[in-house]
Amino acid sequence: MRDVARGDFGNSIRFNRSVGEILVERLPVTIELGAAALFLAVIIGIPAGLISALKRNSAIDVGTMVGANIGVSMPVFWLGLLLAYVFALLLKGTPLWLPPTGRLSAGLVATPFYEVYNLTFTPDSATHRLFEFISNFYIFNSIITANGEVLKDSIRHLILPAMALATIPLAIIARMTRSSMLETLNQDYVRTARSKGLRERSVVIGHSFRNSLLPIITIIGLQLGVIFGGAVLTETIFGLAGVGRTLFEAITARDFPIIQGFTLVIALGYVIANLLVDLSYGFIDPRIRLD
Amino acid sequence: MTTSNNYEPTEIDLQRRKETPLLQALRSFVRQRSAILGMIIIGSITVIAIFANQIAPYQPDQVLIGQEDVKKRQPPCIHLLGCPEDQPQHLMGIDGNVRDEFSRIIHGSRISLTVGFVTVTFAMLIGVILGAIAGYTGRWADDGIMRFLDVLLAFPSLLLAIAIVSVLGPGLTNAMLAIAIVTIPVYARVMRSVVLSAKEEEYVTAARSVGVQNNKILFRHIMPNGISPLIVLATLGIGTAILDAAALSFLGLGAQPPMPEWGAMLSAERNQVFSAPHLVFFPGLAIMLVVLGFNLLGDGLRDALDPRMKNR
């Protein structure tokens, strides 16, 4: 247990390398992918649900809900392959072309920020691991090192897997936003707000949407499970060496140190996400006090 | 101006008051277009599965080498869409082992429906019993059962299913068992909450006071309260189970070749997506359609059986 607390999960049987080292290398891939997917799901899902609720029974509402139902039913691995076919093959030669595999194009290297800024540290120390971990977030690393080419390329490589991974959470978030908004839009305080002459925008955003946020935030937190599960499939299709694919390969190869270490990290991620969701309740609704 | 005191019930109102809850639910269900669409999709797929041998022009594992002039991974040939009449018709093309893709998709419907129904039935049976015992007995049984199920819920379900299958060994039966195990907590939690609220009701106290045995109270008086939420959960759960089983087969842990399982068919040809997209497109479409059908049906049932959940 003391070793685990110090980040020492033992050595992988298959790779003959420390599990911590493999985690430092692969966790950032999944975090970047998951964050991008969640970002897409939230920025598209919430407005779609909102508009759908406000224009109830209109063509937009029906269209959004049909799309959401199809999105929930879509196998992630199928969507991933279709996206790769459309964007990497059919749109080849157009500006919309996107790379179907890997994290960076061949020949491009993401120079770690500590090399660019000549930061010194003891090799194999905790600081070294931390710097390595941070620099493996290619998007973040390229921003702080002002490397526009790597930034553009890493974002282009992330779009397809993030789109595939975002579909189910997006559909669920849009459905939840719609149903939650429909519930609050019928409340007395919304009618009062309208009757005292508040602008429609203030009524919708300040009164209705704010009160709908709790179930929406809860459902966003729950999507992390979908994203971790989907990461296995998405990373397999798009050739990304992330936590999901590594854990899947470790399970099938019976590489127990990796299984232990990665499972612990995933469970920790889950617990932290749920904690953040719980803490956000008090922030969104000050009536909720967490003792 | 009329007030609510002067309200005269119309004939329709009177007729509705006579209706049983089941009839009301049925009326509400029939009124929903999406639920009807779900029913049509599931009904059609069930008919296809039952008459697969009659509908499919070939056997699912029939290799056409030497029987017809066809090539490996040949695209669809449909006479109505301009394919020359002298070429044999293959609606969804030919797969990598020179078998008719359409026949395999048709036979795959049997596997998917079986996976969905068997998995959910097993998970529901175990979950309902565990949830009922936890809720009714309380104390240590409740703590023991629910904490164990909480552990199962703490992991992403697909990863947990992968772990279980890797212990049991790859195969469709083991994949079904794994999916059933990871979904047990969902049914147990619903049943437990139903039992917890129902066991305080007066009819339960009355039954207990006249000396009805505990297991009779539980199975005859309390558990029927959980039927409608369980039907809804099970319908939605069938779709999820089919999706998860397809994902496991895609990863090589579920159905094994030459079984015409849609996830496994997709997996076998995934590297050919650029050269033979039809072999990826059709199995995925089939999975999506059957899951969509169960989702629409489940949503419709939820709105019909639990009006509070309408619009969710």
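Residues numbered from 1 in each chain as written. Chains lettered and ligands numbered in written order. Predicted model: local features only at pLDDT ≥ 70, side-chain atom pairs only at ≥ 80, totals over all residues.

### Side note on the overall build of chain A
Scanning chain A for helices and strands turns up 12 helices and zero strands. Start at the N end of chain A and walk to the C end: the helices and strands fall as α-α-α-α-α-α-α-α-α-α-α-α. Across its three principal directions, the C-alpha atoms of chain A cover 70 × 55 × 40 Å. Within the span of chain A, comprising 291 residues, buried residues form 40% of the whole. (Helix = DSSP H or I, 4+ residues; strand = E, 2+ residues; numbered from the N terminus. Buried ≥ 20, exposed ≤ 12 C-beta atoms within 10 Å, placed from the backbone.)

### Some words on the overall build of chain B
Within chain B one finds 13 helices and zero strands. What you see in chain B, going N to C, is helices and strands ordered as α-α-α-α-α-α-α-α-α-α-α-α-α. Whereas a compact globule of 312 residues would reach a radius of gyration of roughly 20 Å, chain B reaches 25 Å, over 25% beyond that. For chain B, the spread of C-alpha atoms along the principal axes amounts to about 75 × 60 × 30 Å. Of the contacts formed within chain B by residues at least 6 apart in sequence, a portion of 69% connects residues at least 24 apart. (Rg over C-alpha atoms; globule rule 2.2 N^0.38 Å. Contact = placed C-beta atoms within 7 Å.)

### Quick notes on helix H7 (residues 157-168) of chain B
Relative to the 16 Å expected for 12 residues at 1.5 Å per residue, H7 of chain B spans 16 Å between its end C-alpha atoms, a close match to the ideal helical length. Every buried residue of H7 of chain B is accounted for by Ser 157, Leu 158, Leu 159, Leu 160, Ala 161, Ile 162, Ile 164 and Val 165 of chain B. Turning to H7 of chain B, the residues buried within the fold contact helix H10 (200-237) and helix H11 (243-252) of chain A together with helix H6 (139-153), helix H8 (172-198) and helix H11 (227-250) of chain B. One or two residues past the end of H7 of chain B sits Gly 169 of chain B, with phi positive at roughly 105 degrees. (Expected span 1.5 Å × (residues − 1).)

### Focus on the nonpolar core
Membership of the largest hydrophobic core comes to 147 residues, with the highest contact counts inside it found for Ala 161, Tyr 187, Ile 242 and Ile 287 of chain B. Each residue touching Ala 161 of chain B, except ones within four places of it in the same chain, is listed here: Ala 178, Ile 179, Val 182, Asp 244 and Leu 248 of chain B. (Core = buried A, V, L, I, M, F, W, Y, C linked by C-beta atoms within 7 Å.)

### Side note on the interface of chain B and chain A
In this complex, chain B contributes 30 residues to the contact, which on the side of chain A involves 25 residues. Mapped onto the side of chain B that touches chain A, the elements with two or more residues apiece are H7, H11 and helix H13 (278-305) of chain B. For the side of chain B that touches chain A, the leading source of residues is H13 of chain B, giving eight residues. Residue composition of the side of chain B that touches chain A, grouped by class: 22 nonpolar, six polar and two charged. (Nonpolar A, V, L, I, M, F, W, Y, C, P; charged D, E, K, R; others polar.)

### Points about the packing of helix H9 (residues 188-195) of chain A against H10 of chain A
Residues and elements named next belong to chain A. Packing of H9 against H10 leaves a shortest axis separation of 10 Å and a crossing angle of 150 degrees. Relative to H10, H9 is oriented roughly antiparallel. H9 and H10 meet at a crossing whose hand is right-handed. Every residue of H10 that contacts H9 at Tyr 189, Val 190, Ala 193 and Arg 194 is listed here: Val 203, His 207 and Ser 208. (Axes fitted to C-alpha atoms, helices over the stretch in contact; angles between N-to-C directions. Parallel < 35°, antiparallel > 145°, perpendicular 65-115°, else oblique. Left-handed = near helix turned anticlockwise from the far one by under 90°.)

### A word on unusual backbone geometry
Look at the link from Pro 257 of chain B to Pro 258 of chain B: it is a cis peptide, with omega at 5 degrees. Here Pro 258 of chain B shows up in the loop between H11 and helix H12 (262-268). With a phi angle near 50 degrees, Asn 16 of chain A is a residue other than glycine that sits in the positive phi range. Looking at the secondary structure, you find Asn 16 of chain A in the loop between helix H1 (2-5) and helix H2 (19-54). Its identity as a non-glycine residue notwithstanding, Asp 124 of chain A has a phi of 65 degrees, on the positive side. Tracing the backbone through its elements, the reader meets Asp 124 of chain A in the loop between helix H5 (113-116) and helix H6 (126-135). Owing to 10 C-beta atoms within 10 Å, Asp 124 of chain A belongs among the exposed residues under this scheme.

### Focus on the environment of Leu 40 of chain A
Residues and elements named next belong to chain A. The topology assignment puts Leu 40 in helix H2. For Leu 40 and Tyr 189, which are 149 residues apart along the polypeptide, the C-alpha to C-alpha distance reads 32 Å. The residues touching Leu 40, leaving out its near neighbours within four places in the chain, are Ala 162, Met 163, Ala 166 and Leu 170.

Everything listed is a geometric property; what it means functionally is a separate question.
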